[in-house]
Amino acid sequence: MNADSGVPLTSLRVDGGMVVNELLMQFQADILGVPVIRPLVNETTALGASYAAGLAVGFWQDLAQLRENWGISHTWTPNLSSETRESLYAGWKKAVTRSFDWIENA
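Residues numbered from 1 in each chain as written. Predicted model: local features only at pLDDT ≥ 70, side-chain atom pairs only at ≥ 80, totals over all residues. Heavy atoms only, no water.

The next subject is the packing of aromatic side chains. Here the structure, examined in full by the defined rule, presents 3 aromatic pairs. With 5.5 Å between their ring centres and 80° between their planes, Tyr51 and Trp60 make a pair best called edge-to-face. Overall, the relative accessible area of 16% leaves Tyr51 in the buried class. The interplanar angle of 90° and the centroid separation of 5.1 Å between the aromatic rings of Phe59 and Trp60 together place this pair among those described as edge-to-face. A residue is classified by how much of its surface remains accessible, and Trp60, at 18% relative accessible area, is buried. Three or more aromatic residues joined by ring pairs form one cluster here, namely Tyr51, Phe59 and Trp60. The side chain of Arg13 reaches across the aromatic face of Trp70, ending 4.0 Å from its centre. (Phe/Tyr/Trp six-rings, centres within 6.5 Å; stacked < 30°, edge-to-face > 60°. Buried < 20%, exposed > 50% of the residue type's maximum accessible area, 1.4 Å probe, protein only. Lys NZ or Arg CZ within 6 Å of the ring centre and 35° of its normal.)

The following block contains the structure:
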């Protein structure tokens, strides 16, 4: 992501059903080397739709008012050293490379 966007990742905000999986969220923080932040509302897609509707009918005044509602439920911080993280990533890339051409065309 850093290379593609040109913007360094300083944290990852997550949402959806998997954010309740504590092990997965800690793993994400460890592998990415940045804090992973879960909001108070796990399903932000539905929340965004309701915010858009509320803005359309004048229930919410502006985006600043919506931003005031956002809050953090939990933050996971990385616990792996850079050396361990790089070693695990290298092993993952090696495994992916070995899976190339796994199935041959008939």
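So, next bit.
Strands belonging to one sheet form pairs held by backbone hydrogen bonds; the direction of such a pair is parallel or antiparallel. Read across the sheet, 3 strands follow the order E1-E2-E3 without closing on themselves; strand pairing throughout is mixed. Of all the strands in the sheet, just strand E1 (12-13) and strand E3 (72-76) have a single pairing partner and so form its edges. Pairing between strand E2 (residues 36-39) and E3: 4 bridges, direction antiparallel. Within the sheet, the bridge partner assigned to Ile37 lies in E3 and is Thr75. Against the sheet, helix H2 (residues 22-32) contacts E1, E2 and E3, and its axis sits at roughly 55° relative to E3. (Pairing = 2+ DSSP bridges. Helix = DSSP H or I, 4+ residues; strand = E, 2+ residues; numbered from the N terminus. Contact = heavy atoms within 4.5 Å. Axes fitted to C-alpha atoms, helices over the stretch in contact; angles between N-to-C directions.)

On to the pairing of E2. Burial of the side chains of E2 extends over both faces: Val36 and Arg38 are buried on one face and Ile37 and Pro39 on the other. Strand direction decides the pairing type here: E1 and E2, joined by 2 bridges, are parallel. Bridge pairing in E2 places Arg13 opposite Ile37. The parallel pair E1 and E2 is bridged by H2, and the resulting crossover is right-handed. (Right-handed = clockwise from strand over helix to strand, strands pointing away.)

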